[in-house]
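So the chains spell out like this:
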Amino acid sequence: MDIRTTGGAATDAEMAAVDGLLGKPESLWEGGERRPADDHVGYGGRAVRSQRHMLLPVLHSIQDRVGWVSRGALEYACRRLSIPPAEAYGVVSFYARFGREPRGEKAVHVCDDIVCMLAGAKAEHGVPCLGLCDRAPATLTERYGEAYTAEQTAHESPQFAGAKLLRRAGVVDPESLDSYRSHGGFEPLRRARQMGPATVIQKVTEAGLLGRGGAAFPTGRKWESVAKEPARPHYLVCNADESETGTFKDRVLMENDPFALVEGMAIAALATGCEKGYVYIRDEYPLARRRVGNAIAQAREAGLLEIDVEVRRGAGAYICGEETALFNSIEGKRGEPRNKPPFPVQVGLFGKPTLVNNVETLFNVLDIVNGDFGNTRLFCVSGHVDAAGVYEVPMGTPLRTLLRQAGARDVQAVLLGGAAGSFLTPDQFDVPLSFEGVRAIGATLGSGAVIVFDETADMKQVMLRIARFFRDESCGQCVPCRVGTKRQEEILERMFQKPNNDGQADVALLSDIAQAMRDASICGLGQTAANAIASGLTQLKVLNSG
Amino acid sequence: MFGAGGGTSSYEEAEHTDVIFLWGSNARETHPIFFHHVLRGVRNGAKLFAVDPRRTGSAEWADVWLGIDVGSDIALANAMARVIINEGLADTKFIDSATTGFDEFATCVEEYTLERAEKETGVPASAIREVALAYGQARTGMICWTLGITEHHNATDNVLALINLGLLTGKVGRYGCGLNPLRGQNNVQGGGDMGAIPARLPGFQDLEIPDLHDKFSRAWGGAAFPRKKGWHLSEMFEAMERGDLRSLYIVGENPARSEADQGRAVRLLTGLDHLVVQDIFLTHTAELAHVVLPAAAGWAESEGTVTNSERRVQRVRRALDPPPGARDDVEIICEMAGRLGADWGQPSAEQVWDECRSLSPMHAGMAYHRLDELGGIQWPCPDETHPGTQFLHARLWQDPVEGPLAPFFAVEHDPPVDRLTDEFPIRLTTGRRLDSFNTGVQTNEYTSPLRKGEALVISPEDGARLGVEDGECVSASSRRGSVEVNVRFDHTMRPGLAFMTLHFPDQVATNVLTIDATDPKSGTAEFKASAIRIDKIDSSPPVGKYPAKPGDGAAAST
């Protein structure tokens with residue numbers, strides 16, 4: 001394993017943080033004290049290395065306790081898990097949320113992403129979108145120590161409205177299984193058990209449900225593929241790494257109706273034969289994490305959950321919303337996407353057939369099993385509106401209707417789909433918000449983010465922020481994206497700084513870079529990193545010639 | 001094995017086997033290329049077991065590390081065999097049809113109970129049993145070893161004990177099974193195959209068999225060369241001591257630094273009437289020589305072949321001209337023959353090889369163009385239509401077996417010659433590290449970020465007991481001599497065990513401490529087991545950690 005020490009020694013608090021998760025080391029070889037038997041025998045190898053997936057939880061545990069990940073703490077973690085420290089350091093440095101310098105007992109993370117920027121947020125070391133755009137400007141405040149806490153900028157009033165997926169939100173007690181059951185909870189799971197897996201899959205397929213995470217893949221087809229894979233075990237992963245700028249619908253669902261997510265996962269696992277489930281929740285959502293964890297525990301205790309479901313914390317990497325990067329993250333590695341094929345339905349988490357579904361997608365399954373599918377869609381409206389929040393509307397609702405509902409005035413532009421989406425201008429606001437409707441005008445619904453800009457917004461700053469976002473979040477694994485996102489930001493800065501530049505040469509250059517990223521990046525991040533910039537340059541009046 | 005003189009398996013098979021033993025081998029550091037194949041095997045699901053007194057980098061990869069006391073390998077192997085027999089895991093069909101001597105062997109190992117093995121090896125009985133069962137139950141399995149097995153006074157018995165395990169479970173002569181000594185250089189195997197051992201002619205053919213001797217004699221124009229085997233290295237030094245050996249011609253060896261009991265080795269070399277050294281470096285041995293013949297490097301400056309641990313003969317090509325004055329080994333030897341009155345001409349490497357092929361049946365089919373086309377060929381390869389042999393001894397699975405059966409040898413535990421006493425209570429074992437090679441002739445000229453110079457590696461517990469600090473200079477003494485050396489604490493060492501390398505002989509003459517107790521059959525000295533004492537040097541001035549000393553290539557990085 002070549003565990004070469006760098007000389008750091010873990011403090012007692014750091015060791016306690018690791019041991020709290022992994023248990024006390026049983027031998028010298030696991031990082032403990034020398035026992036007589038350790039002189040002549042050591043067990044390890046596969047048994048220890050199979051714990052690799054615990055690396056991120058261990059790193060979180062260390063940071064929660066002491067505020068950062070020191071070399072000594074890392075080395076102890078490596079000894080416990082039999083990971084070369086150099087490799088583990090590569091993991092620590094990959095994730096933005098892990099600190100590599102000492103911090104005080106408290107840290108306030110200030111969002112300076114698009115929506116919070118519109119609300120006046122400025123920060124020297126700002127963080128990307130915290131998914132709190134309904135209450136911008138937003139912060140996340142952490143207090144490290146034995147009693148770690150993380151606190152998000154609070155609600156002023158409920159910021160969601162919907163009749164189907166959101167019908168229980170704000171109505172049920174999100175911490176009470178009984179409350180959820182009294183609103184029909186776990187009835188769909190009962191029905192699904194009666195129907196059997198094949199019928200459930202058939203119903204999902206017939207409903208024509210498309211994935212709500214952004215890629216809009218037919219859910220039924222995915223379920224069917226996983227169900228028929230002979231390799232075992234099958235894994236279920238709920239992708240709750242909602243990191244797309246301006247997107248917070250999954251947070252609202254998880255915070256307000258967490259049992260429904262657990263039930264949706266139980267049905268998905270039942271239908272596709274998954275033996276183990278993970279909910280991968282972005283680290284910036286401490287309340288959602290707590291409530292989903294609580295819901296899993298209560299459901300399990302009540303005997304409603306047949307499979308083991310585990311909550312996993314992201315660590316501040318947008319790329320981990322990409323499903324194969326997410327697998328690597330759960331496996332304790334850098335969140336770098338894998339090549340596809342093989343696709344996750346065949347070779348996914350831990351190399352096994354894996355079903356990955358977004359939170360909103362799984363919510364829809366409950367209604368489908370109940371024979372009550374509404375085909376609604378959640379939109380996260382934020383920016384220059386009176387009432388930012390999550391709006392549930394029927395698929396195909398015109399954008400203009402949604403904007404009116406949220407109270408948008410003097411709109412200059414809308415960014416639909418987040419940083420990976422595209423800018424729309426008022427002449428396009430009659431577009432019906434359906435997958436086909438927006439595709440017709442070259443846009444995408446993406447994650448359902450709708451960021452509204454009125455006439456006062458400095459669109460050059462917005463575009464620069466998007467460019468910076470992608471440059472920051474590119475995982476750096478493949479060249480077109482690593483270099484392309486950097487060049488894109490540089491060129492954009494240059495264009496916007498030169499007062500007498502009509503920018504045509506640079507527009508052509510950006511277009512070339514965009515083409516290279518689209519063609520040659522291995523994952524969606526690189527492939528879409530130029531979309532918003534390109535649409536901004538054609539749709540918005542940001543160039544002097546325009 | 002079984003008279004074949006080479007590992008039985010291919011590297012590839014390590015990737016597809018169920019169990020891999022690294023026995024007395026820290027392959028992670030000393031055979032890193034082979035270890036890549038091991039790791040692929042591990043990733044494919046193989047169980048890895050490491051048998052080594054130290055918990056090495058290889059052992060960290062292992063499912064179970066058996067930290068035996070130095071020199072107790074036979075006790076461990078025999079106890080494993082007993083478990084395998086008593087649990088009914090012996091391959092009786094294979095034993096009956098393909099082997100001899102089983103009954104005597106079974107009687108011998110019956111004495112090696114788990115309790116006795118725990119006492120001799122220090123390894124808990126439960127772990128021995130677990131590993132024995134895993135090997136016995138596995139469909140396929142390989143045992144690989146290195147100097148931890150062979151640098152002992154009973155080296156050959158150690159090897160036989162491992163071979164017994166392979167025969168007992170039928171894990172030889174099949175794909176994914178085998179018994180493999182890992183070779184320390186790219187061409188150790190080739191050196192032996194070409195007859196650079198006292199009893200063999202090229203092609204591992206026995207010098208003392210008259211027909212074989214006659215075949216070579218005829219081919220070499222009736223040359224009258226000895227019919228009796230010569231001396232191996234240790235015997236040569238004994239002969240020097242007796243005065244029977246007065247002139248020595250050394251090609252590519254540095255015995256003034258690599259021999260056990262270095263003081264004696266240098267004294268004997270210095271006392272020779274005539275010493276010729278042929279090498280690519282002016283080694284310490286060359287400095288003692290009357291004549292030094294500068295040679296071209298075997299790699300990149302010469303044409304020829306090398307043979308690796310999987311018996312694969314491969315071409316090496318000349319890419320550079322050697323420095324002025326340095327000449328190819330073939331050229332030097334032929335020139336020497338000329339001066340001695342025999343005209344051997346100026347053959348090319350290929351001509352020499354073709355002569356070898358004409359006399360060595362196992363190389364007969366390996367024409368240069370075939371070595372090129374096939375990316376090397378594994379011997380035996382008897383003719384030019386033969387693809388080479390992936391693994392040896394498949395014949396043992398024929399019914400009935402053609403040729404001689406494979407013998408069991410009953411071998412007994414025999415602890416190291418250099419006994420531990422109150423005066424010399426610490427077991428010193430020697431070995432090698434990733435970034436250095438043997439006496440450092442080829443490696444100390446370049447720096448390595450890993451290289452920290454020589455040190456006496458001991459457990460922190462022993463350091464505390466001796467009242468020394470990590471990095472402090474101490475005196476280490478054996479029954480043969482003393483050296484001053486800095487200690488280095490390492491928690492992978494157990495109390496009572498110390499480790500040194502021989503990479504930095506100018507800094508610390510490790511072989512002043514080692515014992516030249518030699519295995520009579522292989523001629524290898526017991527480098528792996530000396531008894532030493534460690535003394536604090538009271539007048540020792542305070543020193544930093546691992547201060548740079550002459551010959552310490554890592555001076556800049558420490």
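Criteria and cut-off values
- Residues numbered from 1 in each chain as written.
- Chains lettered and ligands numbered in written order.
- Predicted model: local features only at pLDDT ≥ 70, side-chain atom pairs only at ≥ 80, totals over all residues.
- Helix = DSSP H or I, 4+ residues; strand = E, 2+ residues; numbered from the N terminus.
- Rg over C-alpha atoms; globule rule 2.2 N^0.38 Å.
- Buried ≥ 20, exposed ≤ 12 C-beta atoms within 10 Å, placed from the backbone.
- Contact = placed C-beta atoms within 7 Å.
- Pairing = 2+ DSSP bridges.
- Axes fitted to C-alpha atoms, helices over the stretch in contact; angles between N-to-C directions.
- Core = buried A, V, L, I, M, F, W, Y, C linked by C-beta atoms within 7 Å.
- Domains from an automatic or database assignment.
- Nonpolar A, V, L, I, M, F, W, Y, C, P; charged D, E, K, R; others polar.
- Arc of directions from axis to C-beta.
- Parallel < 35°, antiparallel > 145°, perpendicular 65-115°, else oblique.

Participant: Describe the overall build of chain A, listing the residues and the values that go with them.
Facilitator: For chain A, the helix and strand inventory stands at 22 helices and 14 strands. Scaling as 2.2 N^0.38, a compact globule of 546 residues should have a C-alpha radius of gyration of about 24 Å, and chain A matches this with 24 Å. In terms of its C-alpha atoms, chain A occupies a principal-axis envelope of roughly 80 × 60 × 45 Å. Expressed as a percentage of its 546 residues, the buried residues of chain A come to 53%.

Participant: So what about the overall build of chain B? Which residues, and what values?
Facilitator: Along chain B, the regular secondary structure elements total 21 helices and 21 strands. Scaling as 2.2 N^0.38, a compact globule of 558 residues should have a C-alpha radius of gyration of about 24 Å, and chain B matches this with 24 Å. For chain B, the spread of C-alpha atoms along the three principal axes comes to 70 × 60 × 45 Å. Here chain B holds 558 residues, and 47% of them are scored as buried. Sequence-distant contacts in chain B: of pairs separated by 6 or more residues, those separated by 24 or more amount to 71%.

Participant: Run through unusual backbone geometry, naming residues and quoting values.
Facilitator: Residue and element names in this part refer to chain A. Cis geometry is found at the peptide bond from Ala136 to Pro137, where omega equals 0 degrees. Along the chain, Pro137 falls in the loop between helix 6 (114–118) and strand 3 (139–143). Non-glycine residue Phe186 carries a positive phi angle of around 70 degrees. Mapped onto the elements, Phe186 comes out in the loop between helix 7 (177–181) and helix 8 (187–195). Look at Phe186 and you get buried, because 20 C-beta atoms sit within 10 Å.

Participant: Please give an account of the sheet that holds strand 2 (residues 106–110) of chain A that cites residues and values.
Facilitator: Residue and element names in this part refer to chain A. If you trace the three strands from one edge of the open sheet to the other, you get 2-3-4, paired in antiparallel fashion. Looking at which strands have only one partner, the edges of the open sheet turn out to be strand 2 and strand 4 (149–152). On average, each strand axis in the sheet is inclined to that of its neighbour by 15 degrees, with strand direction left out of account. Here strand 2 runs beside strand 3; their pairing, made up of five bridges, is antiparallel.

Participant: How would you sum up the nonpolar core? Please name residues and give values.
Facilitator: Residues and elements named next belong to chain A. Of all hydrophobic cores here, the largest spans 165 residues; its most connected members are Ala77, Leu261, Val262, Met265, Val381, Val414 and Val450. Here the element with the most residues in this core is helix 12 (residues 258–272); it accounts for ten residues. Excluding its chain neighbours within four sequence positions, the residues that come into contact with Met265 are Leu236, Cys238, Gly277, Val309 and Leu362.

Participant: Tell me about the pairing of strand 9 (residues 354–358) of chain A, residues and numbers included.
Facilitator: Counting buried residues along strand 9 of chain A, five of its five residues qualify, which places the element largely inside the surrounding structure. Residues Thr354, Val356 and Asn358 of chain A point to one face of strand 9 of chain A and Leu355 and Asn357 of chain A to the other, with burial holding for every one of them.

Participant: Explain the domain arrangement of chain B residue by residue, including any values.
Facilitator: All names here are of chain B. Split into domains, chain B comes out as domain 1 (11–181), domain 2 (232–294) and domain 3 (426–557). Placing the centre of domain 1 and that of domain 3 at their C-alpha centroids yields a distance of 29 Å. Taken together, the contact between domain 1 and domain 3 spans 19 residues of the former and 22 residues of the latter. For the side of domain 1 that touches domain 3, the secondary structure elements donating two or more residues are helix 2 (27–30), helix 10 (147–150) and helix 11 (155–168). Looking at which element gives the most residues to the side of domain 1 that touches domain 3, the answer is helix 10, with three residues. Considered class by class, the residues forming the side of domain 1 that touches domain 3 number five nonpolar, ten polar and four charged.

Participant: Can you lay out helix 9 (residues 197–207) of chain A for me, pointing to particular residues and giving the numbers?
Facilitator: Residues and elements named next belong to chain A. When we look at burial in helix 9, the residues that qualify are Val200, Ile201, Lys203 and Val204. Seen along its axis, helix 9 keeps its buried residues to an arc of 160 degrees; they face one direction. The outward face of helix 9, more than 90 degrees from its buried face, is lined by the exposed residues Ala198 and Glu206. Each element contacted by the buried residues of helix 9 is listed here: helix 8, helix 10 (219–228), helix 12 and helix 15 (359–369). Trailing helix 9 by a residue or two, Gly208 shows a phi angle of about 70 degrees, which is positive.

Participant: Give a description of the packing of helix 9 of chain A against helix 15 of chain A that names residues and reports values.
Facilitator: All names here are of chain A. At a closest axis distance of 10 Å, the pairing of helix 9 and helix 15 adopts a crossing angle of 105 degrees. Taken together, the axes of helix 9 and helix 15 are roughly perpendicular relative to one another. From helix 9, Val200, Lys203, Val204 and Ala207 reach across to helix 15, where they touch Val365, Ile368 and Val369. Looking at the contact of helix 9 with helix 15 residue by residue, the classes come out as six nonpolar, no polar and one charged.

Participant: Mind laying out the interface of chain A and chain B, listing which residues take part and the relevant values?
Facilitator: Listed per partner, the contact involves 16 residues of chain A and 18 residues of chain B. Only strand 1 (41–43) and helix 2 (46–49) of chain A provide two or more residues apiece to the side of chain A that touches chain B. With three residues, strand 1 of chain A is the single largest residue contributor to the side of chain A that touches chain B. In terms of residue class, the side of chain A that touches chain B is built from eight nonpolar, five polar and three charged. Here three bridges tie strand 1 of chain A to strand 3 (residues 64–66) of chain B, and the two strands are oriented antiparallel to one another. Bridge assignment links Val41 of chain A to a residue of strand 3 of chain B, and that residue is Leu66 of chain B.

Participant: Tell me about the environment of Leu81 of chain A, residues and numbers included.
Facilitator: Residue and element names in this part refer to chain A. For Leu81, the location among the structural elements is in helix 4 (residues 71–81). Sequence separation between Leu81 and Pro218 is 137 residues; the distance between their C-alpha atoms is 39 Å. Look past the residues within four positions of Leu81 in its chain and what remains in contact with it is Val48, Gln51, Arg52, Met54 and Leu55.

Participant: Could you give me a rundown of the domain arrangement of chain A, with the residues and numbers involved?
Facilitator: Residues and elements named next belong to chain A. Here the domain parsing of chain A yields domain 1 (12–94), domain 2 (106–152), domain 3 (160–369), domain 4 (379–452) and domain 5 (459–539). Here domain 3 and domain 4 have C-alpha centroids that lie 25 Å from each other. Counting from both sides, the interface comprises 18 residues of domain 3 and, opposite them, 16 residues of domain 4. The set of elements that each furnish at least two residues to the side of domain 3 that touches domain 4 consists of strand 5 (160–161) and helix 11 (249–256). Taken together, the residues that form the side of domain 3 that touches domain 4 break down as nine nonpolar, six polar and three charged.

Participant: Just give me the short version of the packing of helix 11 of chain A against helix 15 of chain A, but keep the residues and values in it.
Facilitator: Residues and elements named next belong to chain A. It is the contact of helix 11 with helix 15, at a shortest axis distance of 9 Å, that shows an interaxial angle of 55 degrees. When the axis of helix 11 is compared with that of helix 15, the two are oblique. Residue-level inspection shows Lys249, Asp250, Leu253 and Met254 of helix 11 in contact with helix 15, the latter providing Val359, Glu360 and Phe363. Grouping the amino acids of the contact of helix 11 with helix 15 by side-chain chemistry returns four nonpolar, no polar and three charged.

Participant: A description of the pairing of strand 16 (residues 426–431) of chain B should follow, citing residues and the corresponding values.
Facilitator: Residue and element names in this part refer to chain B. A large share of strand 16 lies buried, amounting to six of its six residues. The two faces of strand 16 match: Ile426, Leu428 and Thr430 on one face and Arg427, Thr429 and Gly431 on the other face are all buried. Across three bridges, strand 16 lies against strand 21 (residues 530–536) in antiparallel orientation. Bridge pairing in strand 21 places Arg427 opposite Ala531. As judged from the five bridges shared by strand 16 and strand 20 (residues 497–501), these two strands associate in the parallel manner. Considered in strand 20, the bridge of Arg427 is made with Leu497.

Participant: Please set out the sheet that holds strand 12 (residues 304–307) of chain B residue by residue, giving values where relevant.
Facilitator: Residues and elements named next belong to chain B. A sheet is described by the order of its strands in space; here three strands give the open sequence 12-13-14, paired in antiparallel fashion. The sheet terminates laterally at strand 12 and strand 14 (377–378), the two strands that pair on one side only. Bridging between strand 12 and strand 13 (residues 312–316) involves four bridges; their strand directions are antiparallel. Bridged to Thr307 within strand 13 is Val313.

Participant: Describe the environment of His234 of chain A, listing the residues and the values that go with them.
Facilitator: All names here are of chain A. Of note, His234 is situated in strand 6 (residues 234–240). Overall, His234 belongs to the buried group, with 23 C-beta atoms counted inside 10 Å. Taking the C-alpha atoms as reference points, His234 and Lys352, separated by 118 residues in sequence, lie 6.1 Å from one another. Not counting residues within four places of it along the chain, the set of residues in contact with His234 comprises Val226, Glu229, Thr272, Gly273, Cys274, Glu275, Lys352 and Pro353.

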